[in-house]
Amino acid sequence: MDYINIQNTSELAGCVRISGAKNAALPLLAMSILAKNEMRIENMPIVADIKTFLKLIGLLGGEFRSQEGTFFVDTKNILSKPATYDIVKTMRASILVLGPLLARFKECKVSLPGGCAIGQRPVDLHLKALEAMGANIIIEGGYIHAKAPQGLKGASIIFDKITVTGTENIILAAALARGKTRLINCAKEPEVVQVCETLIKAGVEISGLGTSELEIIGTNAQLLDLPTTRVIPDRIEAGTYLCAGAITNSEIKLENIEPTHMEFINKKLLEMGYSLEFTNSSVKLLKAKEILPVELVTAEYPGFPTDMQAQFMALATQAKGTSIIEERLFENRFMHVSELLRMGAKISLNGNIASITGNTTLEGTEVMATDLRASSALVLAGLIAKGSTQVHRIYHLDRGYANLEQKLRELGAKIERKSQEK
Ligand code: EPZ
């Protein structure tokens, strides 16, 4: 098994180019199931989750090819075959094929994703919404068996909780439904907006973009002529590299970002004493005279992103004072705490609230990644820990960060990927 070895790095410098957003690319790939043409997607991040989703599209009969970061996906020969557990369990976002397959074929079978390290992660809201659109859904043998012999019909749907992929799944289903669908209390993430913008360019009438209420007029099962789409920059990857600069208190620059997608991340870094200089596609982090403690509560967009919680926890160990972090979206998203404690961090937990003592010297040691963003937090901690740190189970990292070691090396980090001697 590969692992990453990181040496203590006193300071970073230079510029890194941010990739396209994995969480924007995944629903765009699902959207290709609704297409009558070959879909062209530019700025695709080359990460494991994207490869897994493309494998699923291939298993369903779709075809794809790529030229560097541009992918061409053709689903003219796609069939409604089962999305099997072996694929869905490795990547929960596979659930995003449910809405499009049902809308296109009126019947599909998709494995329940099961839980993951950060929580039970149910998909009940996806299923309730599809039932409201006329689907008949039976759960049997760990699989979702969904049928809509008359096709899906528009409905008025209120989500009990704000769900990102739930919103995306239903937008995709509603695009081919008969009549109008109203979504209330839906997610407003930039990736949800990009899904809507792409569908609008394909002729689907959608109003309320960027708000918690959407109205979608479906095409009544007419497949779509999808436009070329360029995946938006990854705001979480950008936030992670800003935290790499912040934890080493360095001056670094990020290119190919969308500053308006990361306002809360920017706000919290400013509160911690850093300065940020923006253009419309780049940001320069300037050193903090003193790293100040932070209080943050994770929330749905545009609130502070839960996907940045672990990275800020690692950063908070270096602040001059005690920081408080509250995780409100997932019931078990503190898996990185035990590993940070092993590096000498002083963190106490009270339910979903963590209190992080600052001014802590971390010690390099062997640590284990548990989920995608926790693993990036351990890499950040390794940058400033004394000695060297080995991060194991880095397949978690590879799911969502393209060329992480190379990008950090370009910033001056002493980091390399090694293979565990057998
Ligand atoms: C998306 O996951 C992201 N993944 C996650 O990023 C991100 O952490 C999460 O949104 C929250 O921002 C993708 O976009 C592929 P949710 P998703 O449905 O859609 C509950 C990463 O690091 N819920 O918004 O699965 C759920 O348990 C990943 O890239 C239900 O109860 O998250 C959670 O408490 C990790 N029933 C809350 O809603 C449902 O049917 C938010 O979950 C659906 C969700």
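Not measured: the values here are computed from a predicted model.

Would you mind going over the nonpolar core in detail, with residue names and values included?
Judged by nonpolar contacts, the single largest core of 78 residues is most densely connected at Leu130, Met133, Leu152 and Leu199. A total of 7 residues in this core trace back to one element, the largest contributor, which is helix α1 (residues 22-31). Within the second largest apolar cluster, 67 residues are counted, among which are Ile257, Val294, Met308 and Ile347.

Report on the site of the ligand, specifying residues and quantitative values.
Around the ligand there are 22 residues in total, and Asp124, Thr163, Thr165, Asp307 and Leu329 lie nearest to it. Pro122 has a polar backbone atom sitting 3.3 Å from an oxygen atom of the ligand. A distance of 2.9 Å separates an oxygen atom of the ligand from a polar atom in the backbone of Val164. Against a free-state accessible area of 820 Å², the protein chains account for coverage of 90% of the ligand. Taken atom by atom, the bulk of the ligand overlaps the largest pocket. Those elements that provide at least two residues to the shell around the ligand are α1, α5 (124-132), α6 (164-175) and α12 (372-384). Split into classes, the residues belonging to the shell around the ligand amount to 10 nonpolar, 5 polar and 7 charged.

Explain the packing of aromatic side chains to me, and be specific about the residues and the numbers.
Enumeration over the complete set of coordinates arrives at 2 aromatic pairs. Ring geometry for Phe264 and Phe304: centres 6.5 Å apart, planes at 85 degrees, overall edge-to-face. Of this pair, Phe264 sits in helix α9 (residues 263-271) while Phe304 sits in the loop between β17 (295-297) and α10 (309-316), placing them 40 residues apart in sequence. The class for Phe264 is partly exposed, based on a relative accessible area of 28%. With 5.1 Å between their ring centres and 90 degrees between their planes, Phe304 and Phe312 make a pair best called edge-to-face. Summarising the burial analysis for this pair, Phe304 and Phe312 share the class buried. An aromatic cluster of three or more residues is present, and its members are Phe264, Phe304 and Phe312.

Any chance you could break down the sheet that holds strand β15 (residues 275-278) for me, citing the residues and the numbers?
The 4 strands lie next to each other as β2-β14-β16-β15, forming an open sheet whose pairing is mixed. On the outer flanks of this sheet lie β2 (13-17) and β15, each paired with one strand and no other. Between one strand axis and the next, the sheet turns through 15 degrees on average, direction left out of account. Strand direction decides the pairing type here: β2 and strand β14 (residues 251-255), joined by 5 bridges, are parallel. Paired with Cys15 across the bridge in β14 is Lys253. Packed onto the sheet, helix α8 (residues 235-247) meets β2, β14, β15 and β16 (282-286) and runs at close to 170 degrees relative to β14.

With reference to specific residues and values, describe the pattern of salt bridges.
Scanning all chains against the criterion turns up 24 salt bridges. With a shortest N-O distance of 3.4 Å, Asp49 and Lys22 are connected by a salt bridge. A residue pair is termed long-range when its members are at least 10 positions apart, and Asp49 in helix α2 (residues 48-59) and Lys22 in helix α1 qualify at 27 residues. This pair shows no difference in class: Asp49 is buried, exactly as Lys22 is. Here Glu42 and Arg40 are joined by a salt bridge, their closest N and O atoms 2.9 Å apart. Overall, the relative accessible area of 32% leaves Arg40 in the partly exposed class. Because the salt bridges share partners, they merge into one network encompassing Asp2, Asp398, Glu405 and Arg417.

Go over empty space enclosed by the protein, please, and point to the residues and values.
Taken as a whole, this structure holds 2 cavities of 30 Å³ or more when the rule is applied. Looking at the largest cavity, its volume works out to about 70 Å³. By residue class, the composition of the lining of the largest cavity is 4 nonpolar, 1 polar and 5 charged. Looking at the second largest cavity, its volume works out to about 40 Å³. Around the second largest cavity, the lining residues are Thr240, Tyr241, Ala244, Ser376, Val379, Leu380, Leu404 and Leu408. Among the elements of the structure, α8, α12 and α14 (404-410) are those that each provide at least two residues to the lining of the second largest cavity. When its residues are assigned to classes, the lining of the second largest cavity shows 6 nonpolar, 2 polar and no charged.

The rules behind the values
- Residues numbered from 1 in each chain as written.
- Predicted model: local features only at pLDDT ≥ 70, side-chain atom pairs only at ≥ 80, totals over all residues.
- Heavy atoms only, no water.
- Core = buried A, V, L, I, M, F, W, Y, C linked by side-chain atoms within 4.5 Å.
- Buried < 20%, exposed > 50% of the residue type's maximum accessible area, 1.4 Å probe, protein only.
- Helix = DSSP H or I, 4+ residues; strand = E, 2+ residues; numbered from the N terminus.
- Near = heavy atom within 4 Å.
- Polar contact = N/O pair within 3.5 Å; in protein donor to acceptor, adjacent residues only side chain to side chain.
- Areas by Shrake-Rupley, 256 points an atom, 1.4 Å probe, with all protein chains shown as cover.
- 1 Å grid on protein atoms, 1.4 Å probe; cavity = no way out; pocket = protein on both sides within 12 Å on 5 of 7 lines; lining within 4 Å.
- Sits in = over half its atoms within 2 Å of the grid points.
- Nonpolar A, V, L, I, M, F, W, Y, C, P; charged D, E, K, R; others polar.
- Phe/Tyr/Trp six-rings, centres within 6.5 Å; stacked < 30°, edge-to-face > 60°.
- Pairing = 2+ DSSP bridges.
- Axes fitted to C-alpha atoms, helices over the stretch in contact; angles between N-to-C directions.
- Contact = heavy atoms within 4.5 Å.
- Salt bridge = Lys/Arg side-chain N within 4 Å of Asp/Glu carboxyl O.
- Points joined across faces, edges and corners; volume = space filled by probe spheres on them.

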